[in-house]
Amino acid sequence: MVKLNKIYTRTGDDGTTGLVDGPRRRKDNLRVEAFGAVDETNAAVGMCRLHTKDMARVDSALGRIQNDLFDLGSDLATPGPDEGRKYAPLRVTEKQVAWLEAQIDRHIEALEPLTSFVLPGGSPLAANCHLARTIARRAERVVVALSTEETVNPQIQRYLNRLSDLLFVLGRLANANGTKDVLWEPGRNTGTSKEG
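The rules behind the values
- Residues numbered from 1 in each chain as written.
- Predicted model: local features only at pLDDT ≥ 70, side-chain atom pairs only at ≥ 80, totals over all residues.
- Heavy atoms only, no water.
- Helix = DSSP H or I, 4+ residues; strand = E, 2+ residues; numbered from the N terminus.
- Buried < 20%, exposed > 50% of the residue type's maximum accessible area, 1.4 Å probe, protein only.
- Contact = heavy atoms within 4.5 Å.
- Areas by Shrake-Rupley, 256 points an atom, 1.4 Å probe, with all protein chains shown as cover.
- Polar contact = N/O pair within 3.5 Å; in protein donor to acceptor, adjacent residues only side chain to side chain.
- Core = buried A, V, L, I, M, F, W, Y, C linked by side-chain atoms within 4.5 Å.
- Salt bridge = Lys/Arg side-chain N within 4 Å of Asp/Glu carboxyl O.

A. Examining the overall build of the chain more closely. In terms of helices and strands, the chain carries 5 helices and 4 strands. Counting across all 196 residues of the chain, residues that qualify as buried make up 41%. Excluding contacts between residues fewer than 6 apart, the proportion of contacts in the chain whose partners are at least 24 apart in sequence is 71%. Total accessible area on the chain stands at roughly 11700 Å², and carbon and sulfur atoms take up 54% of it.

This is how it looks when you write it as structure tokens:
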């Protein structure tokens, strides 16, 4: 059980932060950047949930995702091998990735086929899902960069990739199953489109 009695400790005033164990890292370190981007993703998912009061299944799924994103952050904040530790560190699992895939498969069947790329917008929920999707993609990019320097659980990258896909699907679902998506019109404002 996590117990937080004090919010400020002053230990980060030197520009470093503590991980679950091991030496402190600079706050601009790629590992810290990675779990920071995951935290931003979680906050953006929380913004989505402001618009799901009439969508119990979607709200429940987003709540589960928020919990999983804390698991991802813990995983990233616990570098190094698992062997020889006094306790088993929290690691993201293939089961969590498979759950996202099942959610995508479940919701995509109800969507209208796409005829163009989708612009972020439409309903407030859709716009927030697209914002969360782009932040999840950034988190994924940081994790990919980190994995070129240090060992990272490969399920983290897979989870973030599937999460951005699911958020795209949920954004379309929030736009009346895609019927009210805002579609990209290539060249619309260049003077070269059919509509001029």
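B. Examining the side chain of Asn153 more closely. Note that Asn153 resides in the loop between α4 (124-147) and α5 (154-173). Judged by its relative accessible area of 17%, Asn153 is buried. Only 2.9 Å separates the side chain of Asn153 from the backbone oxygen of Val92, close enough to count as a polar contact. For Asn153, the residues in contact, after removing those within four places along its chain, are Asp75, Arg91 and Val92.

C. Looking closely at the nonpolar core. Ranked by internal contacts, the top residues of the largest apolar core, which has 43 residues, are Ile65, Leu69, Leu76 and Tyr159. Of all elements in the fold, only α1 (30-48), α2 (56-76), α3 (94-108), α4 and α5 reach the threshold of two or more residues within this core. With 10 residues, α4 is the single largest residue contributor to this core. Not counting residues within four places of it along the chain, the set of residues in contact with Leu76 comprises Arg31, Ala34, Phe35, Val38, Val143, Leu146, Val152 and Ile156.

D. How the structure looks around the pattern of salt bridges. This structure, assessed with the given rule, holds 10 salt bridges. Of the charged contacts in the structure, one is a salt bridge between Arg91 and Asp75, with a shortest N-O distance of 2.8 Å. Pair noted here: Arg91 is in the loop between α2 and α3 and Asp75 is in helix α2, with a separation of 16 residues, a long-range link. Taking relative accessible area as the criterion, Asp75 reaches 3% and is therefore assigned buried. Put simply, Arg137 and Asp165 hold a salt bridge, and the shortest N to O gap is 3.1 Å. Pair noted here: Arg137 is in helix α4 and Asp165 is in helix α5, with a separation of 28 residues, a long-range link. For Arg137, a relative accessible area of 27% puts it in the partly exposed group. By relative accessible area, Asp165 is classed as partly exposed at 27%. Connected via shared salt-bridge partners are Glu101, Arg158 and Arg162.

These figures capture arrangement, not role.
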